Amino acid sequence: MSIFPILPPIGTLYSNYTVYCRRLVILTSALGLSVSVQAALPEPIQLALDKAALTPSNISIIISPVGDKATSRLPPIVVVIDSAKSANITNKVANSQLLTATNNPNSSNSPKTIDSPVKTSHSNSSPSNSPKSSVVKNSSQDESAPASITLDKQTIKQQQRVLNSYTDDPYTYQSLESTAPVLPSTNRANPSITDNSDANKTTSNHSNVATAANLATANPVRAPLFSHNPTTARTPASTMKLIPTFIALDTLGADFVWFTRVYHSGIIIGNRLYGDLIIQGSGDPKMTHERLEQLLYRVKKSGIDHIQGDIIIDSAIFAKVSKNPAAFDNAPLKPYNASPDGFLVNFNSISINSHLPNNGQARLTYTPQLANYQLPTLINTRASRCSNASYSLAPHWHSDKLTFNTQLPESCGEHIFYVAYPDAKDFATRVVAAKWQALGNTLSGKVINQEMSYNAINTASASKPPLAVNNEQPYRQRASLPLSPLPIISYPSLNLTQQIYDINHFSNNVMTEQVALSIGSYDQTVNTVNTVKAAVSSTSSEQVKLSKDVDNSTSLYQFDKPKTSDYPRALTTINQWWRSHLQTPLPYLTNGSGLCRDCTVTAANLSELLTYAYSHPSFNAYVDSLGVAGVSGTISHHSERLPDSAAIGRAWIKTGTLNNVTAMAGYVKGQSGQDYTVVGLINTEQAINADNARPVLDAMLDWTAQQ
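Below, the structure is looked at part by part. (Residues numbered from 1 in each chain as written. Predicted model: local features only at pLDDT ≥ 70, side-chain atom pairs only at ≥ 80, totals over all residues. Heavy atoms only, no water.)

Turning next to the overall build of the protein chain. The helix and strand tally for the protein chain stands at 20 helices and 25 strands. Looking at the protein chain as a whole, 55% of its 707 residues are labelled buried. The contacts of the protein chain with a sequence gap of at least 6 include a subset with a gap of at least 24, amounting to 75%. Of the accessible surface of the protein chain, which amounts to about 29,600 Å², a share of 51% is contributed by carbon and sulfur atoms. (Helix = DSSP H or I, 4+ residues; strand = E, 2+ residues; numbered from the N terminus. Buried < 20%, exposed > 50% of the residue type's maximum accessible area, 1.4 Å probe, protein only. Contact = heavy atoms within 4.5 Å. Areas by Shrake-Rupley, 256 points an atom, 1.4 Å probe, with all protein chains shown as cover.)

Rendered as structure tokens:
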């Protein structure tokens, strides 16, 4: 008989800690989890903990086997070789043999090329001394086994050096610029740098329910290899991103896309629109400035060069989600503190590119440009070390201009700084205006951004005084304009798989918030409609066909419009999903990204989620979004902290760091061939040195990989 029906409703998770613990004991016992409060830590982890001046009570760990050795679902392992060290060994051996042959007159052998072995953590691989990456089959596995990938350590380090010398914010740079990944393309190709041009690819994983059930049956929940403080509620930092990203994959589907739609009111005569252009935000997490330019270019191609009216940005899909960017850590200029928005542009951030100094001054360029805003093009220089934007530039946003409160260090040379703008809606307004003008178009009115649909504005304006927006002049009356704007463009985003790669690989906070809020806006019904009817062509013939297919009593503007979402709705949806699919008590979330100190999860929460995800049809998209230990993402420095770690190339990890939190969670392939889920959460009452705390979790990964 199941024990779960007798459990009372969970209610407020942390209001009664005694009841909370009792339920966790029951649930974890049913799941085969250890509930020992102070299980003895493996010696390498304990030694690292002692060195970091931390105690066992500061850490929670669960390491659990998943799957079967013969049917691993993890990506190919990455074999990291050191070509520089290999070359030195080869040269030394060759020189030694040459010296021996020269000193031995009886030797008639010529010097031979020596193929020296390269020591790696993966004895079953075939490393190459070439700095280029290669893909090889593991000789100990059958032909259907995944190939291993060989990478040169020098290539990885060189890429990191160049990146760190070029920008003060490598993760924002990589996410915005879609740079080529260090890992080569395989049959599980990294999707982060490809565009999603097929608007009709929006399919759902719900059609794969049978597949998911079969996988779950083949991979039942197993007792953990090691468990320590699994039910202690802790602040997860960015490991919390694992929750909304997987729930989005399950509810929306790996191929889900956001559609940003453009409509117009009035009429078009020649290339002139006598009316308004309406951009309906979809919550797209990655509307970069380049993608926005493509969207507006499509509008131009549809036959509109001049707008005798306004450009209206409808960002009503998300309601009241703006936040004070200084509230979390008093760092409002950091892109990681940017607010989500229904029409988020370029992560609400601008890049400032400094060029080589000339006669005591450096030249500055900006991407994207901001309309009706002064951006200085020259800055005086000083002799100093180049640091992040807040120190090297000390920028200050005013209502109409940007100023710098210091001189730029000469050592910066050509360098990119990323600075967040204080107001997401004003930022989008200025970027849209600048992009529209840069395309050679004109606009007689303004660009207006409002969390209210265009139709609602029309209805309100007929019976109420005009609304003031952005402290500017009120909207002009629109009662005489058509109430059903006509569709022009439906612009698809990158798909969800591509988006969560950026989120988990580069720990992108604002993208996570966009995805979490979207869970509250989109559902299976909307997803199906997206697949069938969302891609509205700019051609008049297809517009006519669509008009015939849709009930004339329904506004085309309102057709297939997703529900408005806010944090309460999104978090409620996430909680409902958790109750329906998992058995551990609810984690406590106040946002989606983990940029919070009141959010709490347990190691048991994340372990159960990771185990469930392992048996899901979208697991490939999920695990491929994680950084690879010692190779890529936020876990790439693992090899610097623990150079001989067995986890290098064998662990797919999401990290998390706050001033009193260090965390890691993900998957590890043991040297025996067994796959594991691994979760480690370190919390302290006071600030901790992350450089001291991370080696504890590095030791956890290394210990697991040796199993």
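In terms of burial, helix α5 (residues 170-177) is largely enclosed, as six of its eight residues are buried. By the burial criterion, the buried members of α5 are Pro 170, Thr 172, Tyr 173, Gln 174, Ser 175 and Leu 176. Where the residues of α5 are buried, they touch α4 (153-166), β18 (415-420), α12 (496-506) and α13 (509-519). Positive phi shows up at Ser 178, right after α5, with a value of about 50°.

This part is about the packing of aromatic side chains. Overall, the coordinates contain 18 aromatic pairs when judged by the stated rule. Here Tyr 501 and Phe 506 contribute two aromatic rings whose centre-to-centre distance is 6.0 Å and whose plane-to-plane angle is 90°, an arrangement assigned as edge-to-face. Between Trp 577 and Tyr 612, the ring centres sit 5.8 Å apart and the planes meet at 90°, which makes this aromatic pair edge-to-face. Of the two residues, Trp 577 is situated in helix α16 (residues 567-581) and Tyr 612 in helix α17 (residues 603-614); the sequence distance between them amounts to 35 residues. In this structure Trp 577 comes out as buried when scored by relative accessible area, which is 5%. In textbook terms, an aromatic cluster arises when at least three aromatic residues are bridged by ring pairs, as seen for Phe 246, Trp 577, Trp 578, Tyr 612 and Tyr 622. Over the ring of Phe 328 we find Arg 597; its NZ or CZ atom is 4.2 Å from the centre of that ring. (Phe/Tyr/Trp six-rings, centres within 6.5 Å; stacked < 30°, edge-to-face > 60°. Lys NZ or Arg CZ within 6 Å of the ring centre and 35° of its normal.)

Here Thr 367 and Pro 368 are connected by a cis peptide whose omega angle stands at -5°. Along the chain, Pro 368 turns up in the loop between β13 (361-367) and β14 (378-382). The phi angle at Ala 53 is positive, at roughly 60°, despite the residue not being glycine. Assignment of secondary structure puts Ala 53 in the loop between α2 (43-51) and β1 (59-66).

For the coordinates displayed, the defined rule picks out nine salt bridges. With its nearest N and O atoms 3.3 Å apart, the salt bridge here joins Lys 425 to Glu 451. Of this pair, Lys 425 sits in helix α10 (residues 424-438) while Glu 451 sits in the loop between β20 (447-450) and α11 (454-463), and the two are 26 residues apart along the sequence. Taking the relative accessible area as the measure of exposure, Glu 451 reaches 28% and is therefore partly exposed. Among the ionic pairs, Asp 426 bridges to Arg 430, the shortest N-O distance being 2.9 Å. Taken together, the residues Asp 426 and Arg 430, both in helix α10 and four residues apart, mark about one turn of the helix. Arg 430 matches Asp 426 in its accessibility class, with the two residues each being buried. Overlapping salt bridges bring together Asp 341, Lys 425 and Glu 451 as one network. (Salt bridge = Lys/Arg side-chain N within 4 Å of Asp/Glu carboxyl O.)

With that out of the way, let us pick up the state of the cysteines. Across all of its chains, the model carries two disulfides by this definition. In this model Cys 386 forms its disulfide with Cys 412; the gap between the sulfur atoms is 2.1 Å. Between Cys 386 and Cys 412, the disulfide has an S-S torsion of 100° and is therefore right-handed. Residue Cys 386 is located in the loop between β14 and α9 (389-392), and its partner Cys 412 is located in the loop between β17 (408-409) and β18; the two are separated by 26 residues in the primary sequence. A relative accessible area of 5% places Cys 412 in the buried class. Note on cysteine connectivity: Cys 596 is disulfide-linked to Cys 599, with sulfurs 2.0 Å apart. Looking down the S-S bond of the Cys 596 and Cys 599 bridge, the torsion is -120°, so its handedness is left-handed. Across the pair, Cys 599 and Cys 596 agree in class, each one buried. Here the disulfide map of the protein chain reads 1-2, 3-4, the bonded cysteines being numbered as they appear in the sequence. (Disulfide = S-S within 2.5 Å.)

Attention now moves to the sheet that holds strand β7 (residues 267-269). Spatial strand order, β7-β8-β10-β19: four strands in an open sheet with mixed pairing. Here the strands that pair on one side only, and so sit at the sheet edges, are β7 and β19 (442-443). Pairing of β7 with strand β8 (residues 272-274) involves three bridges; the strand directions are antiparallel. Note on β8: the bridge partner recorded for Ile 267 is Tyr 274. (Pairing = 2+ DSSP bridges.)

Mapped onto the elements of the fold, Asn 388 is located in the loop between β14 and α9. Separated by 2.7 Å, the side chains of Asn 388 and Ser 390 make a polar contact. Sequence-distant contacts of Asn 388, that is, excluding residues within four places in its chain, are made with Asp 168, Lys 334, Leu 393 and Phe 417. (Polar contact = N/O pair within 3.5 Å; in protein donor to acceptor, adjacent residues only side chain to side chain.)

This next bit is on the nonpolar core. Core analysis: the largest hydrophobic core is formed by 81 residues, its most contacted members being Ile 243, Leu 496, Leu 609, Tyr 622, Val 631 and Tyr 667. Sequence-distant contacts of Leu 609, that is, excluding residues within four places in its chain, are made with Leu 242, Ile 243, Phe 246, Trp 577, Trp 578, Leu 582 and Tyr 622. Counting 48 residues, the second-largest nonpolar core is a separate cluster that includes Tyr 366, Tyr 373, Leu 375 and Ala 433. (Core = buried A, V, L, I, M, F, W, Y, C linked by side-chain atoms within 4.5 Å.)

Residues Ile 267, Ile 269 and Tyr 274 make up a contiguous nonpolar surface patch of about 300 Å² in total accessible area. When you line up the elements, Ile 269 lands in strand β7. (Patch = residues over 30% accessible without salt bridge, like charges linked within 9 Å, V, L, I, M, F, W, Y side chains within 5 Å.)

Judged by how many residues are buried, β1 sits mostly within the fold: eight of eight residues are covered. Here β1 shows two buried faces, one formed by Ile 59, Ile 61, Ile 63 and Pro 65 and the other by Ser 60, Ile 62, Ser 64 and Val 66. The sheet contact formed by β1 and strand β25 (residues 675-683) spans eight bridges and is antiparallel. Note that in β25 the partner of Ser 64 across the bridge is Thr 677. Judged from the three bridges that link them, β1 and strand β5 (residues 226-228) form a sheet pairing that is antiparallel. Considered in β5, the bridge of Ile 63 is made with Phe 226.

Looking now at the pairing of strand β24 (residues 661-669). When you tally the buried positions in β24, you get nine out of nine residues, the bulk of the element. Bridge count for strand β23 (residues 651-658) against β24 is eight bridges, and the pairing is antiparallel. In the sheet register, Ile 653 faces β24, and the bridge partner there is Gly 666. The hairpin turn running from β23 into β24, its antiparallel successor, is two residues long. In this structure, β24 lies alongside β25, joined through nine bridges in antiparallel fashion. Across the sheet, the residue bridging to Ala 665 is Val 679, located in β25. Counted along the chain from β24 to the antiparallel partner β25, the turn is five residues long, and its residue Gly 673 has a positive phi close to 100°.

All quantities given are derived from atomic positions and should not be read as evidence of function.
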